[in-house]
Amino acid sequence: MELLQLVRKNIRSLKPYSSARSEFKGSAEVFLDANENPYETGLNRYPDPLQRALKKEIAAFKGVHPEQIFLGNGSDEAIDLLIRIFCEPRVDQIMILPPTYGMYRVAADIADVSITEVPLRTDFQPDVAGILAKATPQTKLLFLCSPNNPTGNSFDPAIIEELLMSFSGIVVIDEAYIDFSEQESFTKLIALYPKLVVMQTFSKAWGLAGIRLGMAFAQARTIQLFNKVKPPYNINQLTQNAALEALQNKAQYENWLHEILVERQQLEEALKLLPMVQKVYPSDANFLLVKVDAPNKLYQYLIEEKIIVRNRSTVLLCEGCLRITVGRPEENCRLLEGLKKYKN
């Protein structure tokens, strides 16, 4: 009941679109219900609107139930749907903790939903007192990015649990980089917290950014709301096939993950020895936030060397910083060679 009271009234009463593939349940040999081209191409049929086969594999890997999974066109679709499900335009608001992932703001702006900011503390951890002081009955969603982008650190689990117990709205934990962290995923606590949503993605550790497949984990009642509002066939068959294939090759995922973690450590140590580097922040992600002398000048120099990093020097609490993704060994070597040649 408490969850439903947070949902927009029109979403509560919404009658979702019923597709041909969602109406029929069972086995058949002749399909004449969806106005598809009958000639076999491997893709002439509409995909499963609830991605059952894929969710079964994800559920086994993540230790959750299939009915606790929503699959979206990237995590961005989950962010967009959360705002549309819970936030009344020009009435409700979301809360973000800058510096953080930029799409929370963009999705809210598109939906005409206001944004309340409570900056992270100087140690890049959430300010619980500040969050609770600024929260109102209209603050429907709190977005926590952990490990955080662009700072790279994980939030203290005790702080997150305190917010789960005390924040009155939906707590969304964006775990896009969780594979690279030693911290346990908060998917383990879904059963305890009805207002918890955990987002993950195939874009990072799985090497599938190009297929745009995001995951949201929550109690079944919340997932039902996602399914009620989403487009009927939001995950195409090619994307489902690619993800299923990746899940059958977990050894490749584990090898990539191991190599990235080794390279992250080596890159961090090498960067600390460079004269223009002031600080390399600890990272639980596949990137490093690096404070440098003259960041704009160094950024332009790297562009001239045909090496692209992300200039975060104007972002709150990231002043003077570049964000550097951990690449393949040869790419990291090229970066370091270029930096060693740099004249400050």
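Within every chain, residues take consecutive numbers counted from 1 along the sequence as written. Only residues with pLDDT of at least 70 get local features here, since the model is predicted, and only at 80 or more are side-chain atom pairs given and counted; chain-wide, interface and lining totals rely on the full set of residues. Side-chain calculation: all heavy atoms of the structure are included, whereas hydrogens and water are not.

Colleague: How would you explain the packing of aromatic side chains if you had to name every residue and give the values?
Modeller: Ring pairs are drawn from Phe, Tyr and Trp, using the six-membered ring of Trp, whenever the two centres fall within 6.5 Å, and their geometry is named by plane angle: stacked under 30 degrees, edge-to-face over 60, tilted for the rest. Throughout the structure, instances matching the rule amount to 11 aromatic pairs. Between F61 and W206, the aromatic rings sit 5.5 Å apart at their centres with planes inclined by 70°, giving edge-to-face as the arrangement. Placement of F61 in helix α4 (residues 52-62) and of W206 in the loop between β6 (196-201) and β7 (213-217) is noted, with a sequence separation of 145 residues between them. According to the relative accessible area criterion, W206 is buried, its value standing at 4%. Consider the rings of W206 and Y253, whose centres lie 4.1 Å apart with planes at 15°: the pair is stacked. With W206 in the loop between β6 and β7 and Y253 in helix α11 (residues 250-272), the pair connects residues that are 47 residues apart, well separated along the chain. Pair check on accessibility: W206 and Y253 agree, each one buried. One aromatic cluster is present, formed by F61, F202, W206 and Y253 through successive ring pairs. The ring centre of F287 lies 5.4 Å from the NZ or CZ of R323, which sits over that ring. The secondary structure listing takes helices from DSSP runs of H or I that are at least 4 residues long and strands from runs of E that are at least 2 residues long, numbered from the N terminus. In this scheme, a residue with accessible area under 20% of its type's maximum is buried, one over 50% is exposed, and one in between is partly exposed, where area comes from a 1.4 Å probe on protein chains only. The rule for a charge over a ring is simple: NZ of Lys or CZ of Arg within 6 Å of the ring centre, and within 35 degrees of the ring normal.

Colleague: Quick rundown of the nonpolar core? Include the residues and the values.
Modeller: We call a set of buried residues a nonpolar core when its members are Ala, Val, Leu, Ile, Met, Phe, Trp, Tyr or Cys and they connect through side-chain atoms within 4.5 Å of each other. Of all hydrophobic cores here, the largest spans 75 residues; its most connected members are I58, L142, L144, F202, L271 and L298. Residue contacts are defined here by distance: any two heavy atoms, one from each residue, within 4.5 Å place the two residues in contact. Setting aside residues up to four positions removed in sequence, F202 forms contacts with I58, G207, L208, A209, L213, M215, A243 and L247. One finds F86, L141, C145 and V172 within the second-largest nonpolar core, a separate group that totals 33 residues.

Colleague: Pulling in residues and values, what's your account of the packing of α4 against helix α10 (residues 237-247)?
Modeller: Between the N-to-C directions of two axes lies an angle of 0 to 180 degrees, each axis being a line fitted to C-alpha atoms and, for a helix, fitted only over the stretch in contact. At a minimum axis separation of 10 Å, α4 and α10 run at an interaxial angle of 30°. Relative to α10, the element α4 is oriented roughly parallel. In this structure, α4 crosses over α10, and the sense of that crossing is left-handed. Between α4, through A53, L54, E57 and I58, and α10, the contact on the second element is made entirely by Q240, A243, L244 and L247. All amino acids are sorted into three groups, where Ala, Val, Leu, Ile, Met, Phe, Trp, Tyr, Cys and Pro are nonpolar, Asp, Glu, Lys and Arg are charged, and the leftover types, Gly among them, are polar. Along the lines of polarity and charge, the residues of the contact of α4 with α10 split into 6 nonpolar, 1 polar and 1 charged. An angle below 35 degrees is read as roughly parallel, one above 145 as roughly antiparallel, one from 65 to 115 as roughly perpendicular, and any other as oblique. If you view the pair so one helix is near and one far, a crossing is left-handed when the near helix is turned anticlockwise from the far one by less than a right angle, and right-handed when it is turned clockwise.

Colleague: Which residues make up the sheet that holds β7, and what values go with them?
Modeller: Spatially, the 7 strands line up as an open sheet ordered β1-β7-β6-β5-β4-β2-β3, and their pairing is mixed. The open sheet has two edge strands, β1 (69-73) and β3 (114-117), and neither has a second partner. Within this sheet the neighbouring strands show an average axis-to-axis angle of 25°, counted without direction. Where strand β2 (residues 93-96) lies against strand β4 (residues 139-145), 3 bridges are found, and the strand directions are parallel. Counterpart to I94 in the pairing with β4 is L141. Any two strands are treated as partners once DSSP identifies two or more bridges connecting them.

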